[in-house]
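Notes for the structure review
Here's the letter readout for the chains.
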Amino acid sequence: KKGLLRLCGRARAGQGGHAYLREWLWWAGLLCMGVGEAANFAAYAFAPATLVTPLGALSVLVSAVLSSIFLNEQLNVHGKIGCILSILGSTVMVIHAPQEEEVSSLESMAEKLKDPGFIVFAVCVLVSSLLLIFVAGPRYGQSNVLVYVLVCSAIGSLSVSCVKGLGIALKELFSGKPVLKEPLGWVLLVCLVICISIQINYLNKALDIFNTSVVTPIYYVLFTTAVMMCSAILFKEWQHMVLDNIIGSISGFLTIVSGIFLLHAFRDMPFTPNLLPLFLQPGRADRHQSCQHQPLLPSEDKGSQSAEEEEEE
């Protein structure tokens with residue numbers, strides 16, 4: 001974001017430009033993002049996707065705090081409450097996360113990729129992404145944050161599947177199996193590069209147009225939803241779950257959505273101390289407390305009032 005803000009007078013990413021590729025600060029941010037994604041890659045290789053993805057809610061909190069410090073983007077009380085709700089919802093989701101069906105080899109991964117349900121899901125993702133890019137993008141991309149973020153989220157669900165397959169391939173490679181001769185591993189690598197390139201392009205457009213504190217949480221919610229759907233279809237994670245875990249997962253996800261709504265819907269609403277109840281406002285608590293113990297009418301006023309009433313009688 002800092003690199004994008006330095007592109008004064010040049011073609012911005014929001015207008016379809018790629019001048020940020022010549023900005024060293026943008027490349028430094030991309031390198032840091034690559035380190036984080038490498039750690040994500042390792043996590044996806046050894047744990048279920050619906051267990052790893054909710055932990056990304058930490059990025060909502062960290063991004064909101066850092067954007068308020070380095071980008072001077074305001075984070076009001078509603079936004080802070082939204083960040084806390086996102087963390088709590090992610091914790092509940094992790095506790096009740098489904099256990100995916102065991103996939104330990106590229107052969108079993110290939111069988112799952114041939115499943116008709118996943119093929120239909122992948123086709124729907126590709127068609128909807130093309131419609132968003134070529135139809136909705138030119139019309140609403142500059143005014144609606146959901147357009148470009150939806151593209152990143154939908155394509156991101158497919159990239160997680162590619163990462164999962166490549167993680168299995170790397171584990172087999174380290175165990176001495178001839179994985180390099182398998183065409184599926186190379187196909188997954190090419191698909192992953194294409195998906196990540198699309199995500200970076202449209203995420204930069206969204207960050208260039210809208211605030212980081214808005215883009216990051218919305219992207220997290222939509223990305224988590226897409227990954228959960230893709231994992232449920234591809235790995236059949238929800239088939240053997242008990243009712244308690246289903247309710248816990250849904251409740252945690254709805255808590256995250258509620259937090260993101262608070263963070264997004266009230267981002268432009270100023271929250272000043274004057275909006276607090278009187279007993280919570282700084283400097284007025286003592287005055288409010290003294291007013292509570294004060295009689296409605298002073299004693300002298302009461303005496304004069306009773307004298308006037310006697311005279312009238």
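Owing to the predicted nature of the structure, the values given are computational and were not obtained by experimental measurement. (Residues numbered from 1 in each chain as written. Predicted model: local features only at pLDDT ≥ 70, side-chain atom pairs only at ≥ 80, totals over all residues. Heavy atoms only, no water.)

1. Quick look at the overall build of the chain
Scanning the chain from terminus to terminus reveals 13 helices and zero strands. Each helix (α) and strand (β) of the chain, taken in turn from the N terminus, gives the series α-α-α-α-α-α-α-α-α-α-α-α-α. When burial is assessed residue by residue, the chain has 40% of its 313 residues classed as buried. Sequence separation of 24 or more characterises 77% of the internal contacts of the chain that already satisfy a separation of 6 or more. Total accessible area on the chain stands at roughly 17,800 Å², and carbon and sulfur atoms take up 67% of it. (Helix = DSSP H or I, 4+ residues; strand = E, 2+ residues; numbered from the N terminus. Buried < 20%, exposed > 50% of the residue type's maximum accessible area, 1.4 Å probe, protein only. Contact = heavy atoms within 4.5 Å. Areas by Shrake-Rupley, 256 points an atom, 1.4 Å probe, with all protein chains shown as cover.)

2. What about the environment of threonine 53?
Within the secondary structure, threonine 53 is located in the loop between helix H3 (49-52) and helix H4 (57-70). In sequence terms threonine 53 and methionine 93 are 40 residues apart; their C-alpha atoms lie 9.8 Å from each other. Threonine 53 has contacts with Tyr44, Tyr220, Phe223, Thr224 and Val227, leaving out every residue within four places of it along the chain.

3. Side note on a nonpolar patch on the surface
Taken together, the side chains of Ile119, Val123, Val127, Leu130, Leu131, Phe134 and Val135 make up a nonpolar region of the molecular surface, amounting to roughly 650 Å² of accessible area. Tracing the chain through its elements places isoleucine 119 in helix H7 (residues 116-140). Residue classification places isoleucine 119 among the partly exposed positions, given a relative accessible area of 43%. (Patch = residues over 30% accessible without salt bridge, like charges linked within 9 Å, V, L, I, M, F, W, Y side chains within 5 Å. Salt bridge = Lys/Arg side-chain N within 4 Å of Asp/Glu carboxyl O.)

4. Some words on the UniProt feature "transmembrane region" (unreviewed entry) in the chain
Under the UniProt annotation, the feature "transmembrane region" (unreviewed entry) is placed at residues 24-44, 51-71, 77-97, 118-139, 145-163, 184-202, 214-234 and 246-266. Spanning residues 24-44, this segment combines 100% helix with 0% strand, and its end C-alpha atoms are found 30 Å apart. Strand forms 0% of residues 77-97 and helix 90%; the C-alpha atoms that close the span are 30 Å apart. (UniProt positions renumbered as here; feature names shortened; annotations may be inferred.)

5. Here's the deal with helix H6 (residues 106-113)
Residues of H6 that are buried: Leu106, Met109 and Lys112. With its buried residues spanning 115 degrees around the axis, H6 presents them on a single face. (Arc of directions from axis to C-beta.)

6. Description of the packing of aromatic side chains
One pass over the full model with this rule turns up three aromatic pairs. Here tyrosine 148 and tyrosine 202 contribute two aromatic rings whose centre-to-centre distance is 5.7 Å and whose plane-to-plane angle is 35 degrees, an arrangement assigned as tilted. Of this pair, tyrosine 148 sits in helix H8 (residues 146-174) while tyrosine 202 sits in helix H9 (residues 183-209), placing them 54 residues apart in sequence. Relative accessible area serves as the criterion here: at 11%, tyrosine 202 is assigned to the buried category. (Phe/Tyr/Trp six-rings, centres within 6.5 Å; stacked < 30°, edge-to-face > 60°.)

7. Description of the packing of H8 against H9
Contact pair H8 / H9: the axes reach a minimum separation of 8 Å and the direction vectors enclose 155 degrees. Classed by the angle they form, the pair H8 and H9 counts as roughly antiparallel. As for the relative orientation of H8 and H9, their crossing is left-handed in sense. Its residues assigned to classes, the contact of H8 with H9 shows 19 nonpolar, five polar and one charged. (Axes fitted to C-alpha atoms, helices over the stretch in contact; angles between N-to-C directions. Parallel < 35°, antiparallel > 145°, perpendicular 65-115°, else oblique. Left-handed = near helix turned anticlockwise from the far one by under 90°. Nonpolar A, V, L, I, M, F, W, Y, C, P; charged D, E, K, R; others polar.)

8. Quick look at the environment of isoleucine 256
Of note, isoleucine 256 is situated in helix H11 (residues 243-265). For isoleucine 256 and proline 54, which are 202 residues apart along the polypeptide, the C-alpha to C-alpha distance reads 9.2 Å. Apart from residues lying up to four places away in sequence, isoleucine 256 is in contact with Leu85, Ser86, Gly89, Ser90, Met93, Tyr220 and Val221.

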